[in-house]
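Examining the three-dimensional arrangement
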Amino acid sequence: EIDVTIANGAASTTTIAGTFTCGSRTFAAVGGTPGAHDGDVVYFGNTTGLTTGLIYVYTDAANAWVATNADHIDTSDGLLGVALGAESDTHGMLLRGVVSISHDPGAKADILYLQSDNAGDVGKATATAPSADGDCVRIIGYQIDADDEIWFNPDNTFIEVTA
């Protein structure tokens, strides 16, 4: 039990007594529309022309979000986000949570990695770890349904493949 006193201006106070529970954070399923999400979102980077549901990396030099590409460390090793619309400052970038991406990267429960452009398109996830010389291998989450809904929680570590 907790007693809380709240000041209501200068003249009076209100006391609240009761049992309070600090619940755990929950993330809901979001359906199959690209950009549908439940999680942590940021609004910065001043980037336009983003594709909803693709994965981007924030670059300090350009102060912008650019599409990820596991073929290059500099487009794979930084802060990652999923575009929630065409403009990062208006629609936001999901940093962690449940999100529907713009493509189907694999099967339910698959570990997901950033995709390299020699294996597909930039800005996408894949269930196949990149394996070519110079590729960046970075786990970005898990597929949680049979289509395009994923748990996006990029690992802060990565490995560069050397042949």
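Thresholds, definitions, all that
One numbering rule holds for all chains: residues counted from 1, following each sequence as written. In view of the model being predicted, local features appear only for residues whose pLDDT reaches at least 70, and side-chain atom pairs are presented and counted only at 80 or more, with totals across whole chains, interfaces and linings using the full set of residues. Only hydrogens and water are set aside; all other atoms, that is, all heavy atoms of the structure, feed into the side-chain values. Counting from the N terminus, the helices are DSSP H or I runs at least four residues long and the strands are E runs at least two residues long. Contact between two residues is taken to exist if any of their heavy atoms lie within 4.5 Å; hydrogens are not considered. In this description, accessible areas are obtained by the Shrake-Rupley approach with a 1.4 Å probe, and a residue is regarded as covered only by the protein chains that are shown. Only buried residues count toward a nonpolar core, which is a set of Ala, Val, Leu, Ile, Met, Phe, Trp, Tyr and Cys residues joined through side-chain atoms within 4.5 Å. Burial classes follow relative accessibility: with a 1.4 Å probe on protein chains only, a residue under 20% of its type's maximum area counts as buried, one over 50% as exposed, and anything between as partly exposed. What counts as a ring pair is set by centres within 6.5 Å for rings of Phe, Tyr and Trp (its six-membered ring), and what kind of pair is set by the plane angle: stacked under 30 degrees, edge-to-face over 60, tilted for all other angles. Residues enter patches when their relative accessible area tops 30% and they take part in no salt bridge; the joining distance is 9 Å for like charges and 5 Å for the nonpolar side chains Val, Leu, Ile, Met, Phe, Trp and Tyr. Salt bridge, as applied in this entry: a Lys or Arg side-chain nitrogen positioned within 4 Å of an Asp or Glu carboxyl oxygen.

1. Describing the overall build of the protein chain
Each helix and strand in the protein chain was counted, giving zero helices and 13 strands. Seen in sequence order, the protein chain has helices and strands lined up from the N terminus as β-β-β-β-β-β-β-β-β-β-β-β-β. For the protein chain, restricting intrachain contacts to residue pairs at least 6 apart in sequence, the fraction spanning at least 24 positions comes to 59%. Accessible surface computed for the protein chain: about 8,500 Å², of which carbon and sulfur atoms make up 51%.

2. As for the nonpolar core
Ranked by internal contacts, the top residues of the largest apolar core, which has 15 residues, are Ile 55, Val 82, Val 99, Ile 140 and Phe 152. Within the residue set of this core, elements represented by two or more residues are β4 (55-59), β6 (80-83), β7 (93-100), β8 (111-114) and β12 (149-152). With near-sequence residues (within four places) excluded, Ile 140 lies in contact with Ile 55, Leu 80, Leu 112, Tyr 113, Leu 114, Ala 125, Trp 151, Phe 152, Asn 153 and Pro 154. One finds Leu 54, Tyr 56, Trp 65 and Ala 83 within the second-largest nonpolar core, a separate group that totals seven residues.

3. Section: the packing of aromatic side chains
How two aromatic rings sit relative to each other is given by the distance of their centres and the angle of their planes. Across all of its chains, the model carries four aromatic pairs by this definition. Plain terms: the ring middles of Phe 44 and Tyr 58 are 5.0 Å apart, the flat faces sit at 90° to each other, and that makes the pair edge-to-face. In this pair, Phe 44 sits in the loop between β3 (37-42) and β4 while Tyr 58 sits in strand β4, placing the two residues 14 residues apart along the sequence. With relative accessibility at 22%, the residue Tyr 58 sits in the partly exposed group. A network of ring pairs unites the aromatic residues Phe 44, Tyr 58 and Trp 65 as a single cluster.

4. Quick notes on a nonpolar patch on the surface
Together, Ile 111, Tyr 142 and Ile 144 make up an exposed nonpolar region whose accessible area comes to about 240 Å². Counting through the fold element by element, Ile 144 comes out in the loop between β11 (139-143) and β12.

5. Focus: the pattern of salt bridges
One pass over the structure, following the stated rule, counts two salt bridges. Across the salt bridge formed by Lys 124 and Asp 121, the nearest N and O atoms sit 3.2 Å from each other.

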